[in-house]
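Listed below, chain by chain, are the residues.
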Amino acid sequence: MSLTAARADAAPGSRGTPPPRTPGRRRQALGLDRGAWFLLLPVLLPILLLSVGPLLYGISLAFTDAQAGRTSPTQFVGTLNFQDLRHDDLFWESFRIGVVWAVCVTALQFLLALGLALLLNQDLRFRWLARTLAIVPWAMPEVVVGIMWRLVYHQDAGILNGTLSDLGLITENVDWLTDLSLALPAVIVVGVWAGMPQTTVVLLAGLQNVPHELREAAQIDGAGVWRRFTTVTWPALRPVVLAITALNFIWNFNSFGLVYVLTGGGPAGETRLPSLFVYEEAFTYGQYGYAAAMGLVLVAVVAVFLTLFLRNRLKGETR
């Protein structure tokens, strides 16, 4: 039998002859199997109802003059809210404070968590207890953490002022949360303390995935501790560092509960993060449309940051 005849007698679905493009095969190729969609509905419905739905409603609200307590119908105002937002110095000041807060908290969280993760990765006695205690702040609700640190920072009965006074470092009590120059640094310390355990756990998991044989080989070749870290540990840990740093920046930039309990945005707006400003505009002053426009700007900033991060990450993986 010739080669041409053999190909002609081949089955329709065999190699060399494409299968018929029936509607069912097209749906299967596109992943549109009805049974699969039916199984995904319990997961998709909460996302649509609790995430996508409110997001779309907030986007539509940003282009209206919606206010609390008004009797006249809500009107479509186009981009008027965004035009007003361009000249709102208070919002852009809160945006600057949010960036300072997010950068400082993220950087300090990473540096301290990296040191703690390297320590907990060693073969220490009672290592299991140290690892358990390291994640205790992560298990505490933000409200509890805020109340606890308000007591620590209390001007008259706080343990911080008492300790510093006993050590002779201060002569009079400091009001940490109402001083214009100390409020933001004090809140940053709390943010670092509350978020560091999560970063520590992620970095510790990354360190445990670094092949031990590579570190031993580098040590045999005469590499010191710093050399082993820069040539073996850090390259293997870099993808984890990029991921957790990006996520921490987004979480910190969108922080609300911790700062709200600690200072409420005071004193004089020195700790008013963008999320607190949006909250005040909506629920204190009742400007729902204007607050929705602010929230949409914050969503756009986070989306741009995520796009840049994913783009750089994909470029790094393709190299």
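All figures in this text were calculated on a predicted structure; none of them were measured in a lab. (Residues numbered from 1 in each chain as written. Predicted model: local features only at pLDDT ≥ 70, side-chain atom pairs only at ≥ 80, totals over all residues. Heavy atoms only, no water.)

Asker: Quick question: what am I supposed to make of the pattern of salt bridges here?
Answerer: Oppositely charged side chains may form a pair once their charged atoms are brought near each other. Within the structure shown, the criterion is met by 2 salt bridges. Here Glu93 and Arg96 are joined by a salt bridge, their closest N and O atoms 2.6 Å apart. In this pair, Glu93 and Arg96 both sit in helix α5 (residues 89-120), 3 residues apart, roughly one turn of the helix. One salt bridge in this structure joins Glu280 and Arg272, with 3.2 Å as the shortest N-O distance. (Salt bridge = Lys/Arg side-chain N within 4 Å of Asp/Glu carboxyl O. Helix = DSSP H or I, 4+ residues; strand = E, 2+ residues; numbered from the N terminus.)

Asker: Even after reading the chapter, I still don't get the confidence of the model for the protein chain, so can you show me in this structure?
Answerer: Scored by pLDDT, the protein chain has a mean of 83; 87% of the residues are at 70 or more. Taken together, the stretch residues 1-16 has pLDDT below 50 and engages in 6 contacts with residues farther than four places along the chain or on a different chain. (pLDDT = per-residue confidence, 0-100. Contact = heavy atoms within 4.5 Å.)

Asker: What exactly am I supposed to notice about unusual backbone geometry here?
Answerer: Most peptide bonds adopt trans geometry, and most residues besides glycine take a negative phi value. In this model, Gly266 is joined to Pro267 through a cis peptide bond whose omega is -5 degrees. Positive phi is not limited to glycine here, since Ala268 has a value of about 55 degrees. Note that Ala268 resides in the loop between α13 (257-262) and α14 (274-283).

Asker: Explain the environment of Val100 here, please?
Answerer: Tracing the chain through its elements places Val100 in helix α5. In the structure, Val100 is positioned 153 residues away from Phe253 in sequence and 9.0 Å away in space, judged by C-alpha atoms.

Asker: Help me out: how do you make sense of the packing of aromatic side chains in this one?
Answerer: Here a ring pair, both rings aromatic, is described through the centre-centre distance and the interplanar angle of the planes. Applying the stated rule across the entire model yields 19 aromatic pairs. Joined through ring pairs, the aromatic side chains of Phe91, Trp92, Phe95, Phe249, Phe253, Phe277 and Phe305 make up one cluster. (Phe/Tyr/Trp six-rings, centres within 6.5 Å; stacked < 30°, edge-to-face > 60°.)

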